[in-house]
Amino acid sequence: MKKPFIILILAAAVILIGIGIYGLARSRDPLPSPEDGEAQITGTAIPLETSGKHHSQTYDATPLLDVAMPAGIPSQVKDYEGFRLSFNKNNHTPNWVAWELLASEVGGDLPRAKSFAPDNEIEGCPTPADYKNSGYDRGHLCPAADQKWSQQAMNDCFFLTNICPQDNKLNTGDWNTLENKERVWAKRDSAILIVAGPIYSDSDRKTVGRTGVRVPGAFFKVFAAPFLDRPRGIAFIYPNMVSPGNMENYVTTIDEVEKITGYDFFAALPDDIENSIESKASFKEWNRR
């Protein structure tokens with residue numbers, strides 16, 4: 001009689017352990033999935049393999065790249081390989097360009113593309129001739145060095161929809177320094193979200209080329225690392241000219257860029273995370289190794 005009784009006790013113990021494990025699993029917040037209407041970012045860092053658009057179907061970062069804009073701004077949105085943008089047919093430049101940069105995408109060995117091209121699917125897209133002898137560089141918003149992981153992504157980032165007239169001293173100086181930093185940050189944090197674009201004021205009336213590409217007075221770039229234990233964000237605004245001093249001088253909050261542009265970044269994040277990362281900007285925290 002003892003033997004069946006012992007077996008019964010062991011079976012009951014196994015069932016209780018199983019129930020406990022199931023309860024713990026159920027108590028954890030699920031990782032986001034493409035079916036979720038709003039991204040559900042928990043306090044636990046999302047592993048690289050679940051956060052990458054190219055590495056898993058478990059999580060889709062695309063909703064986090066949407067940028068809401070005020071009514072009346074011309075906007076044609078297009079998804080390219082590796083980035084999404086909104087193009088302004090009146091300015092003949094993008095309103096914004098957004099992408100997720102993964103650690104696995106940093107340090108690819110594909111060579112830089114050699115030629116720029118118009119995108120005939122985009123209304124108001126300029127031509128290479130518009131920039132010739134204009135006095136301005138063809139400044140990438142999503143940089144070529146972020147797209148070395150895919151030949152298609154590299155080719156796409158040379159469409160002139162991803163380009164703005166940019167002062168050479170900014171393009172080869174502080175803007176380039178910021179681009180180098182973003183790859184360091186992506187490698188450290190596994191995945192970051194980036195949005196860049198021009199800033200126009202009423203006084204920015206200069207244009208280049210026969211198409212009339214409008215020259216911006218400044219540029220913004222915003223960063224979010226929402227997948228960390230302690231999510232964070234930061235933004236930079238650079239005038240379209242030589243920018244003296246340290247890059248820390250050009251730090252601002254995402255909230256401030258939203259106030260200047262009227263845009264709403266990262267609205268798909270839970271409100272508590274969005275509010276936290278957009279209201280604070282610590283260059284020291286972002287620049288740590």
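Located above this text is the structure these notes cover.
Quantities reported herein were computed from a predicted structural model and do not represent experimental measurements. (Residues numbered from 1 in each chain as written. Predicted model: local features only at pLDDT ≥ 70, side-chain atom pairs only at ≥ 80, totals over all residues. Heavy atoms only, no water.)

A.B. asks: Can you help me understand the packing of helix 7 (residues 254-261) against helix 8 (residues 271-279) in this one?
C.D. replies: Between two packed helices, both the angle of their axes relative to each other and the distance between the axes serve to describe the pair. Where helix 7 contacts helix 8, the two axes come as close as 6 Å, and the packing angle between them is 90°. When the axes of helix 7 and helix 8 are compared, the pair comes out roughly perpendicular. Residues Ile254, Asp255 and Glu258 of helix 7 form the contact with helix 8, whose own contacting residues are Ile277, Glu278 and Ser279. A class-by-class count of the residues in the contact of helix 7 with helix 8 yields two nonpolar, one polar and three charged. (Axes fitted to C-alpha atoms, helices over the stretch in contact; angles between N-to-C directions. Helix = DSSP H or I, 4+ residues; strand = E, 2+ residues; numbered from the N terminus. Parallel < 35°, antiparallel > 145°, perpendicular 65-115°, else oblique. Contact = heavy atoms within 4.5 Å. Nonpolar A, V, L, I, M, F, W, Y, C, P; charged D, E, K, R; others polar.)

A.B. asks: Please clarify how the pattern of salt bridges should be interpreted in this entry.
C.D. replies: Pairs can form between side chains of opposite charge whenever their charged atoms are close. Summed over the entire model, instances satisfying the criterion amount to ten salt bridges. Between Glu121 and Lys78 there is a salt bridge, and its shortest N-O distance comes to 2.7 Å. Of this pair, Glu121 sits in the loop between strand 4 (93-102) and helix 3 (128-131) while Lys78 sits in strand 2 (residues 76-80); the two residues are 43 residues apart in sequence, bridging distant segments of the chain. Residue classification places Lys78 among the buried positions, given a relative accessible area of 18%. Among the ionic pairs, Asp189 bridges to Arg188, the shortest N-O distance being 2.9 Å. Among the residues examined, Arg188 registers a relative accessible area of 24% and is labelled partly exposed. Here the salt bridges share partners, and the residues they tie into one network are Asp66, Asp79 and Arg84. (Salt bridge = Lys/Arg side-chain N within 4 Å of Asp/Glu carboxyl O. Buried < 20%, exposed > 50% of the residue type's maximum accessible area, 1.4 Å probe, protein only.)

A.B. asks: Before we go on, may I ask you to explain the environment of Ala129 in this structure?
C.D. replies: Counting through the fold element by element, Ala129 comes out in helix 3. The spatial distance from the C-alpha of Ala129 to the C-alpha of Arg210 is 8.2 Å, given a sequence separation of 81 residues.

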